[in-house]
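Chain residues, written in single-letter form:
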Amino acid sequence: MAAADGEFSSSSSELVKQISSTTLSDEPEWAQFSHRVLVKTIISRPDGGVGLDGKKVIVGGWVKTGREQGKGTFAFLELNDGSCPGNLQVIIDAGVYSLSSLVATGTCVYVEGELKKTPEGTRQKVELKVSKVLEVGIVDSAKYPVPKTKLTLEFLRDLVHLRPRTNTISAVARIRNALSYATHTFFQKHGFLYVHTPIVTTSDCEGAGEMFQVTTLFSDAEKMEKELKENPPPSAADIESANLLVKEKGDAVAQKKSEKASKDVIKASVAELTKAKESLSKLEERSKLKPGLPQKDGKIDYSQDFFARQAFLTVSGQLQVETYACALSSVYTFGPTFRAEHSHTSRHLAEFWMIEPEIAFADLEDDMNCAEAYVKFLSQWLLDHCLDDMELMVKNYDKTAIERLKLVSSTPFERITYTDAVKLLENVTEKKFENKVEWGIDLASEHERYLTEVIFKKPVIVYNYPKGIKAFYMRLNDDMKTVAAMDVLVPKVGELVGGSQREERIDVIEERY
Ligand SMILES: NC(=O)C[C@H](N)C(=O)O
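Residues numbered from 1 in each chain as written. Predicted model: local features only at pLDDT ≥ 70, side-chain atom pairs only at ≥ 80, totals over all residues. Heavy atoms only, no water.

Our working rule: UniProt positions are given in the numbering used here, feature names are shortened, and annotations may be inferred rather than shown by experiment.
For the protein chain, the name recorded in an unreviewed UniProt entry is asparagine--tRNA ligase, with Aquilegia coerulea as its organism. Listed under Sequence similarities (unreviewed entry) in UniProt, the entry text for the protein chain is "Belongs to the class-II aminoacyl-tRNA synthetase family."

## Here we look at the overall build of the protein chain
Selection criterion: Secondary structure elements follow DSSP: runs of H or I no shorter than four residues count as helices, runs of E no shorter than two count as strands, and numbering proceeds from the N terminus. With the radius of gyration taken over C-alpha atoms, the globule rule is written as 2.2 Å times the number of residues to the power 0.38. Remark: exposure states derive from per-residue accessible area (1.4 Å probe, protein chains only) relative to the maximum for the residue type, with buried under 20%, exposed over 50%, and partly exposed in between. Counted as positive: Lys and Arg. Counted as negative: Asp and Glu. His and the chain ends are not counted at all. In this description, the location of a charge corresponds to atom NZ of lysine, CZ of arginine, CG of aspartate or CD of glutamate.
From N to C terminus, the protein chain includes 14 helices and 17 strands. Compactness check: the protein chain gives a C-alpha radius of gyration of 34 Å against a globular reference of 24 Å for 513 residues, more than 25% above the reference. Dimensions of the protein chain, computed from C-alpha atoms along their principal axes, come out at roughly 115 × 80 × 45 Å. Buried residues in the protein chain amount to 39% of all 513 residues. Here the protein chain holds 66 positive side-chain charges and 76 negative ones, and the gap between their average locations is 5 Å.

## So, the side chain of Thr 118
Note the cut-off: For this analysis, a polar contact is any N or O atom pair within 3.5 Å, provided that within protein one partner can donate a hydrogen and the other can accept it, and provided that sequence-adjacent residues contribute only side-chain to side-chain pairs.
Note on placement: Thr 118 falls in the loop between strand 4 (108–117) and strand 5 (126–137). When its relative accessible area of 11% is taken as the criterion, Thr 118 is described as buried. In terms of polar contacts, Thr 118 uses its side chain to reach the side chain of Thr 122, at 3.1 Å.

## So, the nonpolar core
Defined as follows: As used here, the term nonpolar core means buried Ala, Val, Leu, Ile, Met, Phe, Trp, Tyr and Cys residues forming a set that is joined through side-chain atoms within 4.5 Å. Residue contacts are defined here by distance: any two heavy atoms, one from each residue, within 4.5 Å place the two residues in contact.
Core analysis: the largest hydrophobic core is formed by 25 residues, its most contacted members being Tyr 418, Leu 425, Leu 443, Leu 451 and Val 462. Elements supplying a minimum of two residues to this core: helix 12 (418–426), helix 13 (445–455), strand 15 (460–466), strand 16 (482–490) and helix 14 (506–512). Broken down by element, the residue count for this core peaks at four residues, all from helix 12. Once you skip the residues sitting within four places of it in the chain, Val 462 turns out to touch Ile 416, Thr 417, Tyr 418, Ala 421, Leu 451, Ala 485, Met 486, Asp 487 and Leu 489.

## Points about the site of the ligand
As a reminder of what qualifies: Any residue with at least one heavy atom within 4 Å of a molecule or strand is counted as near it. Every accessible area reported is derived by Shrake-Rupley at a probe size of 1.4 Å, with residue values counting cover from the shown protein chains alone. Residue polarity follows a fixed list, in which Ala, Val, Leu, Ile, Met, Phe, Trp, Tyr, Cys and Pro are nonpolar, Asp, Glu, Lys and Arg are charged, and the others, Gly among them, are polar.
Around the ligand, a shell composed of eight residues is seen, among which Gln 318, Tyr 473, Met 474, Ser 500 and Arg 502 lie nearest. A distance of 2.6 Å separates a nitrogen atom of the ligand from a polar atom in the side chain of Gln 318. Within the complex, 72% of the 270 Å² of free accessible area of the ligand lies under protein. It is strand 17 (residues 494–500) that provides the largest number of residues to the shell around the ligand, a total of three residues. Its residues assigned to classes, the shell around the ligand comprises two nonpolar, four polar and two charged.

## Remarks on the packing of aromatic side chains
The following threshold applies: To pair, rings of Phe, Tyr and Trp, with the six-membered ring standing in for Trp, must have centres within 6.5 Å; the planes then decide the type, stacked if under 30 degrees apart, edge-to-face if over 60, and tilted in the middle. In this scheme, the term charge over a ring applies when either NZ of a lysine or CZ of an arginine sits within 6 Å of the ring centre and within 35 degrees of the ring normal.
A full pass over the atoms with the stated rule returns 16 aromatic pairs. Ring plane angle 40° and centroid distance 5.0 Å describe the contact between Phe 187 and Tyr 374, whose orientation is recorded as tilted. Note that Phe 187 is positioned in helix 4 (residues 167–189) and Tyr 374 in helix 9 (residues 364–385), a separation of 187 residues in sequence. Assessed through its relative accessible area of 1%, Phe 187 is described here as buried. Its end group placed over the ring of Tyr 465, Lys 470 keeps NZ or CZ at 4.3 Å from the ring centre. It is Lys 481 that lies over the ring of Trp 439; its NZ or CZ is 5.5 Å from the centre.

## A short note on the domain arrangement of the protein chain
Note the following rule: Domains are outlined according to an automatic or database domain assignment.
For the protein chain, the assigned domains read domain 1 (24–144) and domain 2 (234–288). Put simply, the middle of domain 1 and the middle of domain 2, counted by C-alpha atoms, are 82 Å apart.

## Observations regarding the UniProt feature "domain: Aminoacyl-transfer RNA synthetases class-II family profile" (unreviewed entry) in the protein chain
Mapped onto this structure's residue numbering, the UniProt feature "domain: Aminoacyl-transfer RNA synthetases class-II family profile" (unreviewed entry) falls at residues 331–513. Spanning residues 331–513, this segment combines 38% helix with 23% strand, and its end C-alpha atoms are found 24 Å apart.

## Concerning the sheet that holds strand 15
Put simply, the rule reads: Pairs of strands are assigned from DSSP output, requiring at least two bridges between the strands. Every axis in this analysis is a line fitted to C-alpha atoms, fitted for helices over the stretch in contact. Angles between the N-to-C directions lie between 0 and 180 degrees.
The strand order 14-15-16-17 describes an open sheet built from four strands, whose pairing is mixed. In the strand order of this sheet, the two ends are held by strand 14 (414–417) and strand 17, each with one partner. Adjacent strand axes in the sheet meet at a mean angle of 25°, parallel and antiparallel pairs treated alike. Note: strand 14 against strand 15, four bridges, orientation parallel. Note that in strand 15 the partner of Arg 415 across the bridge is Ile 461. Docked against the sheet, helix 13 engages strand 15, strand 16 and strand 17, running at close to 65° with respect to strand 16.

## Points about a nonpolar patch on the surface
Inclusion rule: Patch building starts from residues that exceed 30% relative accessible area and form no salt bridge, then joins like charges within 9 Å and nonpolar side chains (Val, Leu, Ile, Met, Phe, Trp, Tyr) within 5 Å. The working definition used for a salt bridge is a side-chain nitrogen of Lys or Arg within 4 Å of a carboxyl oxygen of Asp or Glu.
Together, Ile 199, Val 200, Phe 306 and Phe 307 line one region of the surface with nonpolar side chains, adding up to about 380 Å² of accessible area. Looking at the element boundaries, Val 200 is found in strand 7 (residues 200–201). On the accessibility criterion, Val 200 (35% relative accessible area) is partly exposed.

## Quick word on the pairing of strand 17
Two elements, strand 16 and strand 17, share six bridges in a ladder whose sense is antiparallel. Across the sheet, residue Asp 487 finds its bridge partner in strand 17, namely Gly 498. Between strand 16 and strand 17, which pair antiparallel one after the other, the connecting turn spans three residues, and Lys 492 there sits at a positive phi close to 70°.

Right, here's the structure in full:
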């Protein structure tokens, strides 16, 4: 196991070492599908871009800050294109373009120029001296709502179209992107197949949480109400007269027949009767329309819903992906999941993305090895690929984030049975837990964090949980009291991963279900 972990964590840092030790190209890296050079490929080079001194490039981005200088003879722009948190410093002479229309924060610019080494000691290693402004999307600085100053995340919720331009939201987007890519890289590298499980489903897994219902009954009912208002249903009198008309027309046909009228006359009379019958049945059909939700036996009639039964947004793709594991062997899902819990904490999101691997021909130890290797791989990946964004997180949100990534990526996780973990927690005297510790309880977040942060000071895997607090599909251990389940706990978060060995004995699972 240690060998496997070592392999995962070193492989991505090895890659970074290899990249940085190779000779840097002295040509800018032009984007493949847009006519420009990404800012990241200039300023994030190990030499800070110095090797590109004198090279012509085109860049595009949005001005973070801009200022006119030298009594309006030139302007400095800090240009960000989202490819990395850093900005490229851009200098434009007044002779090249009207400076006042470029300097407002948020202005979109697409410019051509030459990269120049900056004097020793300046923060930037290179800057762009613009020779031509190719495009400008101007901004009215009096109205632009995302100024240089920090805005609260709450406030940014109302600026949906502009918030990706803020340091925080763009860093989060890059970090999520990196973690998604790392997730696929990890599982693909280990031969797992990516399976898409349904987002709309009738299954609630093991009752993992409250579900959001997916239904068209409400919009159908609203449409119906509107329609009935515009076009009221027929009254009893309308139906009565339509009935009378059918009767009249029927009598007329009989009359014509008894008079032995010509074929054409009878045919015409029958056609009138058919018409009267059709309009009666239409009226009868419409008279059945009722506003509100369809009901049957005092309950909502889901047979009239879109799927002819109740459907929900998925809380977990596990049960569906298990069916694929029993045909394709090791598989994983990675997609959005939804929980309608009215608990508004950072631990309870209504919508989140979940990775659910299912490993064939494996036991709990394989499961723990996989979880540990995956968490280490992601941590190392962030250190290797998103250090600049993580530094922003450390500065503004979470002082120890990088320290913890280093710890998680490099330290073997402690493994302890639930029973031993409870014993350790029962012996704690220096702290009073809000929730009493005793064998059989579901460990609360305070217990999990105490184990990982105070007792072990590193990630911990707790395994073999009491069967009473775990799902029916987890394998019953020989002690008949615990199941082969495990949770990975990490400092400051608590539970990060949960998993188990599946019960393969049909009689045991049937009894527990
Ligand atoms: N809910 C969990 O965390 C357990 C996980 N679904 C499992 O596979 O065992």
